[in-house]
Amino acid sequence: MDLIKFAKKVDVWAYPFSANHKSAYEFARQIGSPKLGSVNPNFAVSFEWLETPGPSRIFAEFANGSTWDINGEDKTCADLRYEFFEMAALAEEAAEEGEETAAAAKGPAGKKK
């Protein structure tokens, strides 16, 4: 759940009469839960019903600038959650590497080299 700190936003689009929209809708419902929102109050989730038939689409942005843009038609909600949190984990790793690089640049006892 702490990985949500490394996500900025998720946008979900789905056609309501498609047999495969349920996974995208459920993903949006779960990822937009108040519990996750309390961990990262700056995280935003938007959901939009498509007016014309088409595949569901999910787009996410993460703290390290990476994005995740996926056609959700053939994915289960569990698949979508797994892939989303894998991307968030990569953003966390990038943040930790950035902190280590900044600390190394300061040198011993926090003094700049």
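Placed above this text is the structure.
Residues numbered from 1 in each chain as written. Predicted model: local features only at pLDDT ≥ 70, side-chain atom pairs only at ≥ 80, totals over all residues. Heavy atoms only, no water.

Peer 1: Sorry, what's going on with the sheet that holds strand 1 (residues 7–14) here?
Peer 2: Two pairing modes exist for strands in a sheet, parallel and antiparallel, and in both the strands are linked by backbone hydrogen bonds. The strand order 2-1-3-4 describes an open sheet built from 4 strands, whose pairing is mixed. Of all the strands in the sheet, just strand 2 (44–49) and strand 4 (67–71) have a single pairing partner and so form its edges. On average, adjacent strands in this sheet sit at an angle of 10° to one another, irrespective of strand direction. Where strand 1 and strand 2 come together, 6 bridges link them in parallel fashion. Looking at strand 2, one finds that Val 10 is bridged to Val 45. (Pairing = 2+ DSSP bridges. Helix = DSSP H or I, 4+ residues; strand = E, 2+ residues; numbered from the N terminus. Axes fitted to C-alpha atoms, helices over the stretch in contact; angles between N-to-C directions.)

Peer 1: Could you clarify how one ought to interpret the packing of aromatic side chains in this entry?
Peer 2: How two aromatic rings sit relative to each other is given by the distance of their centres and the angle of their planes. Following the criterion strictly, the structure yields 10 aromatic pairs and no others. Residues Phe 43 and Phe 84 carry aromatic rings whose centres are separated by 6.4 Å and whose planes lie at 50° to one another, so their mutual orientation is tilted. Placement of Phe 43 in the loop between helix 2 (34–39) and strand 2 and of Phe 84 in helix 3 (residues 77–106) is noted, with a sequence separation of 41 residues between them. Here Phe 43 and Phe 84 have matching classes, each one buried. Seen from their ring centres, Phe 84 and Phe 85 are 5.0 Å apart, and the 80° between their planes marks the pair as edge-to-face. Of the aromatic side chains, those joined through ring pairs into one cluster are Phe 27, Phe 43, Phe 62, Trp 68, Phe 84 and Phe 85. (Phe/Tyr/Trp six-rings, centres within 6.5 Å; stacked < 30°, edge-to-face > 60°. Buried < 20%, exposed > 50% of the residue type's maximum accessible area, 1.4 Å probe, protein only.)

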